[in-house]
Amino acid sequence: MPQQRDDERIREVRIDSLAFGGDYNPDQWSEETWLEDIRLMKEAGVTMVSLPIFSWPQIEPEPGVYDWGWLDRILDLLHEAGIRIDLATATATPPSWLLRAHPEMGPSDSEGHRLEFGSRQTYCPSSPIWRENVARMTRAMAERYGEHPGLAMWHISNEYGDHVSRCWCDESARHFRRWLQDRYGDLDGLNEAWGVNVWGQRYTSWDHIATPKKAPGPINPTQLLDFERFSSDAMLELFQLEIDVLREVTPDIAVTTNFMSMLRDLNYWDFAAAEDIVTDDAYPEPADPTAHVGAALNYGYMRSLKGGRPWLLLESSASATSWRDINVPKAPGKIRVESLQTVAHGSDAVMFFQWRQAKYGQEKFHSSMLGHRGERSRSYQETKALGLELKKLEPVRGTRVRSRVALVIDHDSWWGSTQIESLPSQRLQWAQQARAWHRGMYSLGQPVDAVRATGPFDEYDVVIAPNLYILEQPQADALRAFVENGGHLVVGPFSGVVDATEKVHDGGAPGPLRDLLGVEVDEQWPLSDGETTGIRYGDRDLVVPHWSEWLEADGDTEVRGGYAGGVLDGLPAITRRRVGDGTAWYVSAMFQHEGLLTVFRDVLDTAGLPARADVDVNAEAVTRTDGDTDYTFLLNHGAEPIAWNAHGTDLLTGTAHDGRVDLGPYGVAVLAAPSTSDIPFPELLTATASVKEQA
């Protein structure tokens, strides 16, 4: 996992407890209501709030004219109540006067339409006018409040890339050209990288290069890939601009920006390297009974972005959201189990959007801690109980999650394998494949971290790479070193296909991994919609939808499973090669869930790691540790009781367990026990019949 830069020290958030609270918008309410809010916050155990995220127009109603009075008063009231402040720089969206004075600052879509004011994030990330004003506003906030005693950390902007992550305007085109010049040096370098001899796309002037707007047919794939990279970097520059101002004015205060879990558009590895602490906004779908599985992948990613350090959940929903087609509320008990799941996965905070439910605007139907019925609302009663219960988990704060399995998240491969029109199939989607592979390991009881393709991998026994479409030699070298040193690597289909400029590797896939995996892909063999093929794996027949490959293995590579039926009948499908002290696996097909469980059981057995006998997606066990004490979270995400065989004293109830631990619907136990060399792996005694999966 990436380490902080040598010239950067990590500043700690100034709060001495697990953070509990939410976004607060006092400018939407009377000052009389503020007093009621603070009274109810204290009753609920709130320790931190985020503000004033969208309040630039209220702070600066006219250019250069500031109204600090209301913000001074609410910050002082919160501090007097013992509530810490995640203080936003208020740069999440421009005020109307700024955009009307500089309409060129607004963003454009891929068809060249300028997007209008009336929502949020109405800015082009590359705009010099926007950047100048953002720096000015950030400095004003830092100079005004940098020494406020209630300040816990700086909250820069808000959910970068939520509404505008790419801009196709003329200013973005100029910025894109500068970015390309830095990357390739001259036009010869760019023309070589982009393979412009196909379809007559050679450039003879930098001015001829534009953002990849809608074209008559498929666009150059390397241009598309570079535009993805550029767009993420442009947003990162905007983020870094504010960081630099805050570092200058308030060098000892931690900075963050709230991420949006597994967001395709921004390379969070780079963003996390620039900030002090990772924070996330998480909104699992209440209507999806297995949403907690995908959430576990999101949280594994968040904790891994800073090398396993604790992160903070800055936003979640107390019940229903307001932006889905159908906004289903959370059943009683779901708020608790979903919130404690984030703590299990390394969060030292449980916070919501928002504190008080709005009376007007786009989010008035979005649930909040304090619902429209005030303290009588179910959301307040449940979040209040949660806040008081979190105090019992204080020993967990600062500890780290124990995991022996990691999943490779590589944004180049994510971008490259999903935004090109001329791929063998659109059915092999990076995110879909990653979530399927994560679900396989999750179902077998293994918590999963995230890693870059270059590592480091030192902490892991198993590394799974669902797709590495784009692969360069340094990544291959790092993966080989991991295997030679005793690691077990599993590489998924359509990997090692092209280099960083979208050129197919000599000899075809898996490119630089060919010697490590001991296989060659002759042809990708996607399946028509509705068509399946099979793989014989030991004594089991596995079903393959969507994707297979014509695979050839060398004599030193063991074939663990072969295609059965169809054109590929008898050819290798899943291989294992021993290299040094470890093994390198290649999985050439997509699988239904049961098939992945079969393969991953084999991988875990080879690595000497345990796997569950019965699989219940509602049952989850995750352990955090401080090196002396392990804190094992047992969670029941379902509406039916389950039971575990586990040991330790439950921090929530004080009960000592030396065997059976029963959990009711949406139940949670947090067992403290002396730390051992092996990660606790509680046995599931009873599985929920409705979701039990026999592997």
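Analysis parameters
- Residues numbered from 1 in each chain as written.
- Predicted model: local features only at pLDDT ≥ 70, side-chain atom pairs only at ≥ 80, totals over all residues.
- Heavy atoms only, no water.
- Helix = DSSP H or I, 4+ residues; strand = E, 2+ residues; numbered from the N terminus.
- Rg over C-alpha atoms; globule rule 2.2 N^0.38 Å.
- Buried < 20%, exposed > 50% of the residue type's maximum accessible area, 1.4 Å probe, protein only.
- Contact = heavy atoms within 4.5 Å.
- Areas by Shrake-Rupley, 256 points an atom, 1.4 Å probe, with all protein chains shown as cover.
- Axes fitted to C-alpha atoms, helices over the stretch in contact; angles between N-to-C directions.
- Parallel < 35°, antiparallel > 145°, perpendicular 65-115°, else oblique.
- Left-handed = near helix turned anticlockwise from the far one by under 90°.
- Nonpolar A, V, L, I, M, F, W, Y, C, P; charged D, E, K, R; others polar.
- Core = buried A, V, L, I, M, F, W, Y, C linked by side-chain atoms within 4.5 Å.
- Arc of directions from axis to C-beta.
- Polar contact = N/O pair within 3.5 Å; in protein donor to acceptor, adjacent residues only side chain to side chain.
- Pairing = 2+ DSSP bridges.
- Expected span 1.5 Å × (residues − 1).
- Phe/Tyr/Trp six-rings, centres within 6.5 Å; stacked < 30°, edge-to-face > 60°.
- Salt bridge = Lys/Arg side-chain N within 4 Å of Asp/Glu carboxyl O.

Asker: What is the right way to read the overall build of the protein from this model?
Answerer: A tally of helices and strands in the protein yields 17 helices and 29 strands. Its C-alpha radius of gyration of 26 Å places the protein within 12% of the 26 Å reference for a compact globule of 695 residues. Split into buried and exposed, the 695 residues of the protein put 61% on the buried side. Here the analysis covers contacts within the protein between residues at least 6 apart in sequence; of these, 73% occur between residues at least 24 apart. Counting only carbon and sulfur atoms, one obtains 48% of the accessible surface of the protein, whose full area is about 25,800 Å².

Asker: Sorry if this is basic, but what is going on with the environment of Tyr-203 here?
Answerer: Among the secondary structure elements, Tyr-203 is positioned in the loop between helix 7 (187–194) and helix 8 (221–249). Along the chain, Tyr-203 and Asn-191 lie 12 residues apart, while their C-alpha atoms are 6.7 Å from each other. Beyond its immediate chain neighbours, meaning those up to four positions away, Tyr-203 contacts Leu-187, Leu-190, Asn-191, Trp-194, Val-196, His-208, Ile-209 and Gln-223.

Asker: So what exactly am I meant to see when it comes to the packing of helix 14 (residues 430–443) against helix 17 (residues 593–607) here?
Answerer: When two helices pack together, their arrangement is captured by the angle between the axes and the distance separating the axes. Where helix 14 contacts helix 17, the axes come no closer than 9 Å and their chain directions differ by 60 degrees. With respect to helix 17, the element helix 14 is oriented oblique. The two elements helix 14 and helix 17 cross, and the hand of that crossing is right-handed. Of the residues in helix 17, those touching helix 14 at Ala-436, Trp-437, Arg-439, Gly-440, Met-441 and Ser-443 are His-593, Leu-596, Leu-597, Phe-600 and Leu-604. Taken together, the residues that form the contact of helix 14 with helix 17 break down as seven nonpolar, three polar and one charged.

Asker: Help me understand the nonpolar core in this model?
Answerer: Generally speaking, a soluble globular protein has its nonpolar side chains buried in company with each other. If you look at the biggest cluster of nonpolar residues, it comprises 132 residues, and the most contacted ones within it are Trp-154 and Tyr-268. In terms of nonpolar packing, the next biggest core, distinct from the first, is built from 38 residues, Val-408, Leu-468, Tyr-469 and Leu-479 among them.

Asker: Would you mind going over helix 7 with me for this structure?
Answerer: Buried within helix 7 we find Leu-187, Leu-190, Asn-191, Ala-193 and Trp-194. Considered in projection along helix 7, the buried side chains sweep an arc of 165 degrees and stay on one side of the axis. More than 90 degrees from the buried face of helix 7, the exposed residues found are Asp-188 and Glu-192. Residue Asp-186 occupies the N-cap position of helix 7, its side-chain oxygen lying 3.3 Å from the main-chain nitrogen of Asp-188.

Asker: I keep staring at the environment of Asp-412 and nothing clicks. Help me out?
Answerer: Structurally, the position occupied by Asp-412 is in helix 13 (residues 411–416). Discounting residues that sit within four places of it in the chain, Asp-412 has contacts with Leu-225, Arg-229 and Ile-470.

Asker: Explain the sheet that holds strand 19 (residues 558–564) here, please?
Answerer: Across a sheet, paired strands are connected by hydrogen bonds in the backbone, their directions being either parallel or antiparallel. Spatial strand order, 12-11-13-14-21-20-19-16-17: nine strands in an open sheet with mixed pairing. Both edges of this open sheet fall to strand 12 (448–451) and strand 17 (540–545), since each of them pairs with a single strand only. With strand direction ignored, the average angle separating the axes of adjacent strands in the sheet is 20 degrees. Relative to the sheet, helix 15 (residues 473–484) contacts strand 13 (462–465), strand 14 (488–491), strand 20 (572–579) and strand 21 (582–587), its axis offset from that of strand 14 by approximately 135 degrees.

Asker: Where do I start with unusual backbone geometry in this structure?
Answerer: Trans is the prevailing form of peptide bonds, just as negative phi is the prevailing case for residues other than glycine. Of note, the bond from Leu-51 into Pro-52 is cis; its omega dihedral lies within 30 degrees of zero at -5 degrees. Mapped onto the elements, Pro-52 comes out in the loop between strand 2 (48–51) and helix 2 (56–59). Of note in the backbone geometry, Trp-199 takes a positive phi value of approximately 60 degrees without being a glycine. Looking at the element boundaries, Trp-199 is found in the loop between helix 7 and helix 8. Accessibility expressed as a relative area gives 64% for Trp-199, which makes it exposed. For Phe-494, which is not glycine, the phi torsion reads 60 degrees and is therefore positive.

Asker: I keep staring at helix 6 (residues 170–184) and nothing clicks. Help me out?
Answerer: Side chains that are three or four residues apart share a direction in an α-helix, a result of its 3.6 residues per turn. Spanning 15 residues, helix 6 covers 21 Å between terminal C-alpha atoms, matching the ideal 21 Å at 1.5 Å per step. Among the residues making up helix 6, those that are buried are Glu-171, Ser-172, Ala-173, His-175, Phe-176, Arg-177, Trp-179, Leu-180 and Tyr-184. Considering only its buried residues, helix 6 is in contact with helix 5 (128–145), helix 7 and helix 8.

Asker: Explain the sheet that holds strand 7 (residues 279–281) to me, please; I cannot follow it from the model alone.
Answerer: Taken together, nine strands build an open sheet; the order of strands is 5-4-3-2-1-9-8-7-6 and the sheet is parallel. Unpaired on one side and paired on the other, strand 5 (255–256) and strand 6 (258–259) mark the two borders of the sheet. Inspection of the sheet shows strand 1 (residues 19–23) paired to strand 9 (residues 347–352) by four bridges, in the parallel sense. When the bridges of strand 9 are listed, Gly-22 appears paired with Phe-352.

Asker: Please explain the pairing of strand 19 as it appears in this structure.
Answerer: One face of the sheet, then the other: side chains in a regular strand alternate in exactly this way. Here strand 16 (residues 532–537) runs beside strand 19; their pairing, made up of four bridges, is antiparallel. Bridge pairing in strand 19 places Arg-536 opposite Gly-562. Of the strand pairs in this sheet, strand 19 and strand 20 are connected by four bridges, and their pairing is antiparallel. Bridging across to strand 20, Gly-562 finds its partner in Pro-572.

Asker: What am I meant to see in the packing of aromatic side chains here?
Answerer: One pair of aromatic rings is described through two measures. These are the centre distance and the angle between the planes. Summed over all chains, the structure comprises 30 aromatic pairs. Ring centres of Phe-176 and Phe-227 lie 5.5 Å apart, and the angle between their planes is 80 degrees; on these two criteria the pair is classed as edge-to-face. Residue Phe-176 is located in helix 6, and its partner Phe-227 is located in helix 8; the two are separated by 51 residues in the primary sequence. For Phe-176, a relative accessible area of 0% gives the class buried. Feature note: the residues Tyr-160, Phe-239, Phe-259, Tyr-268, Trp-269, Phe-271 and Tyr-301 constitute an aromatic cluster, connected by ring pairs.

Asker: When you look at the environment of Gly-440 in this model, what are you seeing that I'm missing?
Answerer: Tracing the backbone through its elements, the reader meets Gly-440 in helix 14. The exposure class of Gly-440 is buried, given its relative accessible area of 0%. A C-alpha to C-alpha distance of 18 Å links Gly-440 and Gln-341, two positions 99 residues apart in sequence. Once you skip the residues sitting within four places of it in the chain, Gly-440 turns out to touch His-593, Leu-597 and Phe-600.

Asker: Mind showing me how you'd approach the pattern of salt bridges here?
Answerer: As enumerated under the stated definition, the model contains 44 salt bridges in all. One salt bridge connects Arg-73 with Glu-31, and the closest N-O pair in it is separated by 2.7 Å. A residue pair is termed long-range when its members are at least 10 positions apart, and Arg-73 in helix 3 (residues 69–80) and Glu-31 in helix 1 (residues 31–44) qualify at 42 residues. Residue Asp-162 pairs with Arg-120 through a salt bridge whose shortest N-O separation is 2.5 Å. Taken together, the positions of Asp-162 in the loop between strand 4 (151–155) and helix 6 and Arg-120 in the loop between helix 4 (96–101) and helix 5 put the pair 42 residues apart, joining distant regions of the chain. You can call Arg-120 buried: its relative accessible area is 17%. Overlapping salt bridges, with partners in common, bring together Arg-39, Glu-43, Glu-375 and Lys-384 in one network.

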